[in-house]
Amino acid sequence: METIIAQITENEEQNQKIYEQASDILKRGGLVAFPTETVYGLGADALDEEASAKIYAAKGRPSDNPLIVHIADTKALEELSCDVTAQAKLLAEKFWPGPLTMILKKSDCVPKSSTGGLGTVAIRMPSHPVAAQLIRTSGVYIAAPSANISGKPSPTRGEHVIHDMKGRIDMIIVDDTVDIGVESTIVDLSEDVPTILRPGYITKEMLSEVLGEVRIDPAIMGSVKPGVVPKAPGMKYKHYAPKAHVVILRGPFQRYAQYVNNHAGAGVAALCYEGEEAALHVRALPCGREGDPSSQAQRLFDALRSLDAMGIHTAYARCPEKQGVGLAVYNRLLRAAAFEMIDV
Ligand code: TXA
Ligand code: MG
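Residues numbered from 1 in each chain as written. Chains lettered and ligands numbered in written order. Predicted model: local features only at pLDDT ≥ 70, side-chain atom pairs only at ≥ 80, totals over all residues. Heavy atoms only, no water.

(A) Fine view of the sheet that holds strand 16 (residues 341–343). Across the sheet, five strands lie side by side as 14-13-15-12-16; this open sheet has parallel pairing. Every other strand in the sheet has two partners, leaving strand 14 (283–286) and strand 16 as the edge strands with one partner each. Recorded for the sheet is a direction-independent mean angle of 25° between the axes of neighbouring strands. Examined bridge by bridge, strand 12 (residues 245–250) and strand 16 share three bridges and lie parallel to one another. Paired with R250 across the two strands is D343, which belongs to strand 16. Contacts from helix 11 (residues 326–336) reach strand 12, strand 13 (268–272), strand 15 (314–318) and strand 16 within the one sheet, and its direction differs from that of strand 12 by about 130°. (Pairing = 2+ DSSP bridges. Helix = DSSP H or I, 4+ residues; strand = E, 2+ residues; numbered from the N terminus. Axes fitted to C-alpha atoms, helices over the stretch in contact; angles between N-to-C directions. Contact = heavy atoms within 4.5 Å.)

Next up, the structure:
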């Protein structure tokens, strides 16, 4: 398949043509990748059963893993969900548009192919201007998972999307202003106590300020035990994984550096923090600043992808803090490392 690659520029007239071309593709049941403030998404018309089914084929995604429906107006909530709770309205007012996905009971118009057969639907209103403009111009609700091959790190740059999706989808819209770098926070509002199913830029503390009690799903911190069905089906899969073997080293920098230097060799790399490179005797990839989890989130997926481009076989990563946005970084890195962590 020929993939159209279109770059957003300062030229508004030209940009409008891109939105119109992408809208035509979406309305005809095709696939368009586009930037959001978190990561790039791979979009299809969420209410078109066949179109959203194509997403699974393009990504190689298991069909029981549901998609997030992207909207541009809160009015869409009432159409997509049969039970828009008071809590959902409060969160929408406070955090939308932005990096928060809510799980609500679905209405009949949402096809099974978008929800993996579940009775609930995941809804998000992105703040990225390109995403918002695409939803508005097309007039469709856009089902969009991250625009990577299933299991690979999510794309935070146009080149990542082109690498994974060129030849598999109709169009890629490139605009490298994806600035959060990890996917949206997912909060399940379909049960009694709001529960975070995936941590992101909107933290537990921020949600609690609006809602009171908020739980964190235990699957976030560890792997899902055999026989236990995770609430977000995506959490049971190996995820975000480069070809390289990633190991998290938990402990202070001095002991981290000692361990890495004792295991130095060709094909070994360090996923460290900025300013630590000089003390390490291996290829060092700085991944944000220590104590600044937002900067780590921005760099993580790009750093994981670079490991493969550099032919690295083993990468030793610093262990992120679990507070605030750090929990999102920790959660993604833990999966990239297939839960392998060593205390140093
Ligand atoms: O930031 C984001 O959320 C990005 C951008 C493109 O918006 N999208 C994204 O989609 O990360 P995806 O498909 O990679 O992740 C969606 C996650 C999966 O783990 C899936 O299992 C979960 O959301 N999910 C979707 N619908 C659900 C539902 N009804 N109940 C529970 N989990 C759900
Ligand atoms: Mg994903």
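The rest of the description comes next.
(B) Broad picture of the pattern of salt bridges. With the rule as written, the count across this model stands at 12 salt bridges. In this structure, K75 engages D73 in a salt bridge whose closest nitrogen and oxygen atoms are separated by 4.0 Å. We classify K75 as exposed; its relative accessible area is 66%. Salt-bridge contacts for R305 lead to D164; the nearest nitrogen and oxygen are separated by 2.9 Å. Placement of R305 in helix 10 (residues 293–309) and of D164 in helix 7 (residues 158–165) is noted, with a sequence separation of 141 residues between them. Considered together, R305 and D164 belong to a single accessibility category, that of buried residues. Here the residues in one salt-bridge network are R157, R299 and D302, joined through shared partners. (Salt bridge = Lys/Arg side-chain N within 4 Å of Asp/Glu carboxyl O. Buried < 20%, exposed > 50% of the residue type's maximum accessible area, 1.4 Å probe, protein only.)

(C) Representation of the side chain of T85 within the structure. Along the chain, T85 turns up in the loop between helix 3 (75–80) and helix 4 (86–95). Take T85: its relative accessible area is 19%, and that puts it in the buried class. Once residues lying within four places of it in the same chain are set aside, the contact partners of T85 are L104 and L189.

(D) Just the sheet that holds strand 4 (residues 68–70), in detail. In space, the 11 strands of this open sheet follow the order 1-8-2-3-7-4-6-5-9-10-11, with mixed pairing throughout. The two strands at the open ends of the sheet, each matched to only one other strand, are strand 1 (4–7) and strand 11 (215–216). Packing of helix 4 onto the sheet brings it into contact with strand 5 (100–105) and strand 9 (185–188), and relative to strand 5 it is tilted by some 160°. Against the sheet, helix 7 makes contact with strand 1, strand 2 (32–34), strand 3 (41–45) and strand 8 (171–174), and its axis sits at roughly 165° relative to strand 8, the strand it touches most.

(E) Local environment of the side chain of N148. Mapped onto the elements of the fold, N148 is located in the loop between strand 7 (142–143) and helix 7. The exposure class assigned to N148 is buried, which follows from its relative accessible area of 3%. Polar side-chain contacts of N148 include one of 3.1 Å to the backbone oxygen of K152. Those residues in contact with N148 that lie beyond four places of it in its chain are K59, P153, S154, P155, D164, M165 and R305. (Polar contact = N/O pair within 3.5 Å; in protein donor to acceptor, adjacent residues only side chain to side chain.)

(F) Structural detail: helix 7. Turning to helix 7, its buried residues number three or more, namely G158, H160, V161, D164 and M165. Summarising the axial view, the buried residues of helix 7 lie within an arc of 160°, below the 170-degree limit, and thus occupy one face. Along helix 7, the residues that are exposed and aim more than 90 degrees away from the buried face are E159 and H163. One or two positions beyond helix 7, positive phi appears at G167, with a value near 90°. (Arc of directions from axis to C-beta.)

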